[in-house]
Amino acid sequence: MLKKLKPLSLLLFLALPLMLAGCSTPEVLDPKGPVASQQSDLIILSIIFMLTIVAVVFVLLTIILVKYRERKDHDKYSPELHGSMLLETIWTIIPIIIVVILAVPTVRTIYSLEEAPQPKTAEAANEDPLVVHATSINWKWVFTYPDEDIETVNYLHIPIHRPVEFKLTSADSMAALWIPSLGGQKYNMAGMQTTLYLQADHVGTYDGRNANFTGEGFNEQRFKVYADEEADYQQWVEDVQNSAPELTQYKYDNLLIPGVYEDGTAEFNGTHLQWIDHSKNADYTLEAWDRLGYEPKNPHAKDKSQNLLREDEIPYYQQDNTVDNSDEDMDSEEHAHAGHE
Amino acid sequence: MDLKWNEFIITGDPLILGAQISILLGGIAVVAALTYFKKWSWLWKEWLTSVDHKKLGIMYILSALLMLFRGGIDGLMIRTQLAKPGMEFLDPQHYNEVFSTHGVIMILFMAMPFLIGLINYIVPLQIGARDVAFPYLNNLSFWTFFVGMALFNISFIIGGSPDAGWTGYTPLATNEFSPGPGQNYYLLAIQIAGIGTLMTGINFFVTILKMRTKGMTLMKMSMFTWTSLITMLIIIFAFPVLTVALAMQTFDRLFGSVLFTLQGDGNPMLWVNLFWVWGHPEVYIVILPAFGIFSEIISTFARKQLFAYKAMVVSIVTISVLSFLVWVHHFFTMGNSAEANSFFSITTMAISIPTGVKIFNWLFTMYRGRITFTTPMLWSLAFIPNFVIGGVTGVMLAMAAADYQYHNTYFLVSHFHYVLISGTVFACFAGLIYWYPKMFGHKLNEKIGKWAFWIFVIGFNVCFFPQYFLGLDGMPRRISTYLPEDGWTGLNMISTIGAFMMGLAFLIFVYNIYYSWRYSPREKTGDAWGLGRNLEWATTSSIPPHYNFAVLPEVTGLDPYWDMKEKGLDQQKNTDYKPIHMPSNSSTPAIMSALMGMAAFGLVFQWYWVGIVGAVGIFITMIVRSFDYNDGYYVSVEEIKETEAKANK
Ligand code: HEM
Ligand SMILES: [Cu+2]
Ligand SMILES: [Cu+2]
């Protein structure tokens, strides 16, 4: 039996480098910015410790199974042995030490990720982070650049070497913005705002997505991140400002109807913040459904069609519904439950 | 709920149609067989109304095996859908239903009843008792579990299954985003089963504290009994949280409250918190008894007392306390303050310390022992390395800053399958094989058992090890398909192959039950393995009589039965019989639970009159029960003599 156990553990050890060699470096361990690289460092440190622990246990297990399996002369058998202060102390102390060694960099990184990455150059030090609001809607992403007064759907451009301060919220289900190459995820939640700092240090196109399950179209709630040189980024902003269509409230409200965005991506002049900031008003989405005549339907219903109203059928859109968002800091609803500041 | 008549039964899906037909045919076959062999009254009198902890244990285990099959089919459907990019085997809606039911079934209707079944059968024997503290309640617990399970399982053919994940996060699970009966099934089925679990918690907690035989002090209890005791304590503290949370979400969905909703300042995150305040202790509820089972088996087949018994006890108690202080690690990414995340990172890592201590104690139990590689021992040995992999990746997840990258990915999926399968599932197999002769009077065939073991363990690693890498490569959990450019194809294919190997191993395991029933030699003594250490092996016959012990054993040390054998004491020589008081069977629990099922079914579809009729029925059965003055019967000395003389003939 024993001879069969050994290859099993060997198999596991062999599988590891094989898998690493077989495919390219996993995305998370191939960081493209300072946030992801802090996380990747922490992960690699922990993998080293964990592999050591695994190795110790595997070796001990193998030795014990080989040496103390039932055989004819069992002169080593000592049934009276059932405790040892020394050994027990050793294997209590060592894990404690390992936990402490891992806890220190963990806590340090947790605190460090709460702030924008440190600028590398003097000129970058003068720049504030780029603020982008990322709003999750079943099953699309809306990115809002408040200072540039533009909005995109399902893609975004960011300049490299400059921290991006994502203001996360959701129009409906709880989602999570995740761009593995740039750093870990954080939840988007309706009625509140969370902040995620990310930064790209290399020009490139990265995959981003919603990582937190939100139902039928979850799969397709993905987006591309284009990390550009500063100048290219500015150029793109100008292009959008010059050529993109105006965002109207009716158009925006239509985005709130659950579904995958048919056109793939889009860009607009103006932002939805002029009517609604979902982090301050969670009811808005359901009100918009009512206005448009959308009704949630049982997924097993035979007839799932919707009778949505046209813009000219809805008096609400004939009036000006702009709200004042200038006093942003004053009533932005911070988290007020356990664990939040 | 405005459900059209033709939407009540789910139609239009060939997979579901197949299931419907096979359920129908299976049902007809069972009813026909019972009628043909005239077994109805036997079934009702001997089993369904029985308050015997051993029979209830077996019924729990049979239901759990059935659910392992159902949940396993769900798992294979998930893996089939993910084998290649762009598969169209399941559409997203169907996929969501399948993984949601998979999770709920495996944790609540497979792992829990399997372990509770083993606890039911073994713990009263191990503490030298004749039954549990509240035998009637025990039967009621079983029936509420069974009805909850049945209700949950019919959802995929009637009305549609829940599709918001086993976590049922709000606001996704509220009416606006999950319309239809699906999520109601989740809420009501788990609610009913949960009541049963809570009652089991109280029942066994009292049983272990109050019904131990003479001489069995707390520190002489077997490790399985210890872990069961602590598990029951966790159940008593954790399940009420689930009960309340489910009731709150039920109110949101059925009666229009706004507790977790988007509208009306609802607080969806409260659900997430409540769920995990129960959910994390829950994962320890399903691992602690497993630890107990491995402790028994390893010490039996190494022929040594458990190493560092006291440290083992201290570590499970520590784990149980810590398990209530870590729930936030399930949502480090919620934007908590750095202080909160640091605190919960450290408490979570701290749990790995007592867990690590246990691993070394198991290893050193075998040190200088005489290890024999029986199938239950093989499962227990395979547990150690595999669980260590699951445990160390747990520590990695506990490092909050890194968890932002693992959360919601296949890395997490792999972690919890490593701990749950190599921990809980291996333990269920190991325990079932180990105690099989106690339950059925014969062993399972070792050769076939070893085939099942190797195929399962290898398949398990082939299935889940690649998932760590998929997670690190950015594959989120719960996606129903992916693109070729994602680069996840190869590892997913490997993973699917592993899953089917596990499926094959399960079939071999079940075949072994049949094969051994036909061909295994019947046991002649109570100590089937010849190496028994605890009192369950001290019974006269292989399968204990309904009163368990003709004369209650007296305990002088740890591993009491081993101790007796060493000292040459023969438990069976003592023939100083006295009449034994035993509880009578009762039919009200089955009826009461059926009425609960009816009421809940009505609520699922918002047919309130059905709910009300069911609720009134429940109260009537309660009143009937309260006028039941039957407080058991005596087994006469003659009958005991007769039974004992017949034993092992
Ligand atoms: C060494 C001890 C363990 C540690 C440090 C640990 C740590 C963690 C952490 C931090 C998470 C959350 C990860 C995330 O969502 O991003 C997690 C998830 C989970 N763990 Fe563990 N764990 C341990 C042992 C166990 C055991 C023994 C079980 C059950 C037998 C278990 C079952 C689970 C489950 C079911 C989940 C995920 C549930 C879900 O999100 O659906 N873990 N674990
Ligand atoms: Cu929050
Ligand atoms: Cu947990």
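Residues numbered from 1 in each chain as written. Chains lettered and ligands numbered in written order. Predicted model: local features only at pLDDT ≥ 70, side-chain atom pairs only at ≥ 80, totals over all residues. Heavy atoms only, no water.

Description of the UniProt feature "domain: Cytochrome oxidase subunit I profile" (unreviewed entry) in chain B
What counts here: UniProt positions are given in the numbering used here, feature names are shortened, and annotations may be inferred rather than shown by experiment. Strands are runs of DSSP state E lasting at least 2 residues, helices are runs of H or I lasting at least 4, and numbering of each runs from the N terminus.
Here, UniProt's "domain: Cytochrome oxidase subunit I profile" (unreviewed entry) annotation points to residues 36-556 of chain B. Across residues 36-556 of chain B one finds 68% helix and 0% strand; the C-alpha atoms that close the span lie 51 Å apart.

A few points about the site of ligand 1
Residues and elements named next belong to chain B. Rule in force here: Throughout, near means a residue has at least one heavy atom within 4 Å of the molecule or strand. Counted as a polar contact is a pair of N or O atoms within 3.5 Å, where, for protein atoms, one must be capable of donating a hydrogen and the other of accepting one, and residues adjacent in sequence contribute only when both atoms are in side chains.
Ligand 1 sits among 23 residues. The nearest are Trp166, Asp403, His407, His415 and Arg477. At 2.5 Å from an oxygen atom of ligand 1 is found a side-chain nitrogen or oxygen belonging to Asp403. Within the contact set of ligand 1, an oxygen atom lies 2.8 Å away from a side-chain nitrogen or oxygen of Arg477. Looking at the shell around ligand 1, the elements with two or more residues in it are α8 (268-301), α10 (338-366), α11 (375-398) and α13 (410-440). The biggest single contributor to the shell around ligand 1 is α11, with 6 residues.

Regarding α11 of chain B
Side chains of residues three or four places apart in an α-helix project in the same direction, reflecting 3.6 residues per turn. Residue and element names in this part refer to chain B. Quick note on the threshold: To estimate how far a helix should reach, multiply one less than its number of residues by 1.5 Å. A residue's bend is simply the angle between two axes: one fitted to the seven residues ending at it, one to the seven starting at it. Each residue gets one of three labels from its accessible area relative to the maximum for its type: buried under 20%, exposed over 50%, partly exposed in between, using a 1.4 Å probe on protein chains only.
Taking 1.5 Å as the rise per residue, α11 with 24 residues should run 34 Å; its terminal C-alpha atoms sit 34 Å apart, in good agreement. Largest kink in α11: about 30°, centred on Ile384, with the proline Pro385 one to four residues after it. α11 sits mainly inside the fold: 23 of its 24 residues count as buried.

Concerning the coordination of the copper ion (ligand 3)
Residues and elements named next belong to chain B. The following threshold applies: For Na, K and Ca the donor cut-off is 3.2 Å, and for all other metals it is 2.8 Å, counting N, O and S atoms only; because water is absent from this set, sites may look incomplete.
Looking at the copper ion (ligand 3), one finds its protein donor set to be His280 (ND1), His329 (NE2) and His330 (NE2), positioned 1.8 to 2.0 Å from the metal centre. Spacing between the donor residues of the copper ion (ligand 3) along their common chain follows H-x48-H-H. Metal-to-metal, the separation of the copper ion (ligand 3) and the iron atom of ligand 1 is 4.7 Å.

Observations regarding the packing of helix α4 (residues 92-126) of chain B against α8 of chain B
All names here are of chain B. Inclusion rule: In this analysis, axes come from line fits to C-alpha atoms, helices being fitted only over the stretch in contact, and the angle between any two N-to-C directions falls in the range 0 to 180 degrees. Should an angle lie under 35 degrees it is considered roughly parallel, over 145 roughly antiparallel, and from 65 to 115 roughly perpendicular; all remaining angles are considered oblique. Left-handed is the label given to a crossing in which the near helix is rotated counterclockwise from the far helix by less than a right angle, and right-handed is the label when the rotation is clockwise. What makes two residues a contact is simply this: any of their non-hydrogen atoms within 4.5 Å. When residue character is reported, Ala, Val, Leu, Ile, Met, Phe, Trp, Tyr, Cys and Pro are called nonpolar, Asp, Glu, Lys and Arg charged, and the others, Gly included, polar.
The contact between α4 and α8 brings their axes to 11 Å, and the two run at 45°. By the angle between their directions, the pair α4 and α8 is classed as oblique. Here α4 runs over α8; the crossing is left-handed. Taking contact as the criterion, the partners of Ile107, Leu108, Ala111, Met112, Leu115, Leu118, Ile119 and Gln126 in α4 are, on α8, Trp278, Glu282, Ile285, Val286, Pro289, Ala290, Ile293 and Glu296. Here the contact of α4 with α8 is composed, by residue class, of 13 nonpolar, 1 polar and 2 charged.

A closer look at the coordination of the iron atom of ligand 1
Protein coordination of the iron atom of ligand 1 rests on one atom only, His415 of chain B (NE2), at 2.2 Å. By the element assignment, His415 of chain B lies in helix α13.

Considering the UniProt feature "domain: Cytochrome oxidase subunit II copper A binding" (unreviewed entry) in chain A
Within the UniProt annotation, "domain: Cytochrome oxidase subunit II copper A binding" (unreviewed entry) is assigned to residues 127-239 of chain A. In residues 127-239 of chain A, helix accounts for 9% and strand for 53%; the two terminal C-alpha atoms are 22 Å from one another.

Here we look at the side chain of Asn298 of chain A
By the element assignment, Asn298 of chain A lies in the loop between α7 (284-292) and α8 (328-331). In this structure Asn298 of chain A comes out as buried when scored by relative accessible area, which is 10%. Residue contacts for Asn298 of chain A: discarding those within four places in its chain leaves Lys304 of chain A together with Leu3, Pro179, Gly180 and Pro181 of chain B.

Things to note about the environment of His442 of chain B
All names here are of chain B. Locating His442 in the fold gives a position in the loop between α13 and α14 (446-472). On a C-alpha basis, the gap between His442 and Thr575 in space is 26 Å, while along the polypeptide they are 133 residues apart. Look past the residues within four positions of His442 in its chain and what remains in contact with it is Tyr436, Pro437, Ser516, Trp517, Ser520, Pro521, Arg522 and Glu523. Here Ser516 takes part through its backbone oxygen, which lies 3.5 Å from a polar atom of the side chain of His442.

With respect to the UniProt feature "transmembrane region" (unreviewed entry) in chain A
All names here are of chain A. UniProt's feature table lists "transmembrane region" (unreviewed entry) at residues 42-66 and 86-104, given in the numbering used throughout. For residues 42-66, helix accounts for 100% and strand for 0%, while the C-alpha atoms at its two ends are 36 Å apart. Spanning residues 86-104, this segment combines 100% helix with 0% strand, and its end C-alpha atoms are found 27 Å apart.

Things to note about unusual backbone geometry
That bond from Asn138 of chain A to Trp139 of chain A is cis: its omega, 0°, falls within 30 degrees of zero. Residue placement: Trp139 of chain A occurs in the loop between β1 (130-137) and β2 (140-145). Of note, the bond from Thr170 of chain B into Pro171 of chain B is cis; its omega dihedral lies within 30 degrees of zero at 0°.

A word on the side chain of Thr101 of chain B
Residues and elements named next belong to chain B. Mapped onto the elements of the fold, Thr101 is located in helix α4. A polar contact is formed between the side chain of Thr101 and the side chain of Arg70, at a distance of 3.2 Å. Polar contacts involving the side chain of Thr101 include one to the main-chain carbonyl oxygen of Val98, which spans 3.1 Å. The contact partners of Thr101, leaving out residues within four places of it in the chain, are Arg70, Asp74, Phe152, Ser161 and Pro162.

Looking at the sheet that holds β1 of chain A
Residues and elements named next belong to chain A. The test is simple: Pairing between strands is defined by DSSP: at least two bridges between them are needed.
The strand order across the open sheet formed by 6 strands is β8-β5-β1-β2-β3-β11, and the pairing between neighbours is mixed. Here the strands that pair on one side only, and so sit at the sheet edges, are β8 (194-198) and β11 (266-269). Between one strand and the next, the sheet's axes are offset by a mean angle of 25°, whatever the strand orientation. Alignment of strand β3 (residues 150-153) against β11, held across 4 bridges, turns out to be antiparallel. Along β11, the bridge assignment pairs Ile150 with Asn269.

Section: the pattern of salt bridges
Definition in use: Here, a salt bridge means any Lys or Arg side-chain nitrogen found within 4 Å of an Asp or Glu carboxyl oxygen.
Throughout the structure, instances matching the rule amount to 22 salt bridges over all chains. Of the charged contacts in the structure, one is a salt bridge between Glu70 of chain A and Arg370 of chain B, with a shortest N-O distance of 2.9 Å. Highlighted residues: Glu70 of chain A in the loop between α2 (34-67) and α3 (85-113) and Arg370 of chain B in the loop between α10 and α11, drawn from two different chains. Assessed through its relative accessible area of 14%, Arg370 of chain B is described here as buried.

Points about a nonpolar patch on the surface
Residue and element names in this part refer to chain B. What counts is decided by this rule: For patches, a residue must show more than 30% relative accessible area and have no salt bridge; joins then use 9 Å for like charges and 5 Å for nonpolar side chains, namely Val, Leu, Ile, Met, Phe, Trp and Tyr. Accessible surface area values rest on a Shrake-Rupley calculation with a 1.4 Å probe, where residue burial reflects the displayed protein chains alone.
Side chains of Phe251, Phe255, Leu259, Tyr608, Ile612, Val616, Ile620 and Val624 sit close together on the surface and give an oily, nonpolar patch of about 730 Å² of accessible area. If you list the elements that add at least two residues to the nonpolar patch, you get α7 (223-255) and α18 (608-626). With 5 residues, the top contributor of residues to the nonpolar patch is α18. Note that Tyr608 resides in helix α18.

Re the sheet that holds strand β6 (residues 175-179) of chain A
Residue and element names in this part refer to chain A. Judged by pairing direction, the sheet is mixed, and its 5 strands sit side by side in the order β4-β10-β9-β6-β7 without closing on themselves. Either end of the sheet is taken by a strand with one partner, and the two such strands are β4 (155-159) and β7 (183-188). Ignoring which end each strand starts from, the neighbouring axes of this sheet average 25° apart. Alignment of β6 against β7, held across 4 bridges, turns out to be antiparallel. Note on β7: the bridge partner recorded for Ile179 is Gly183. On the sheet, helix α5 (residues 230-243) packs against β4 and β10 (222-228) and is oriented at approximately 135° with respect to β4.

Some words on the domain arrangement of chain B
Residues and elements named next belong to chain B. Heads up, the condition is: By convention here, the domain bounds are inherited from an automatic or database domain assignment. The term buried area means the drop in 1.4 Å probe accessible area that two parts suffer when joined, counted for both and summed.
For chain B, the assigned domains read domain 1 (9-46) and domain 2 (47-585 + 629-646). Distance between the C-alpha centres of domain 1 and domain 2: 27 Å. Between domain 1 and domain 2, the residue contacts involve 13 residues of the former and 15 residues of the latter. Taken together, both faces of the contact between domain 1 and domain 2 bury some 1200 Å²; the carbon and sulfur share is 66%. Broken down residue by residue, the surface that domain 1 buries against domain 2 is led by Leu15, Trp44 and Glu46, which jointly contribute 39%. Taken together, domain 1 and domain 2 are joined by 1 salt bridge. The shortest N-O distance in the salt bridge between Lys55 and Glu46 comes to 3.3 Å.

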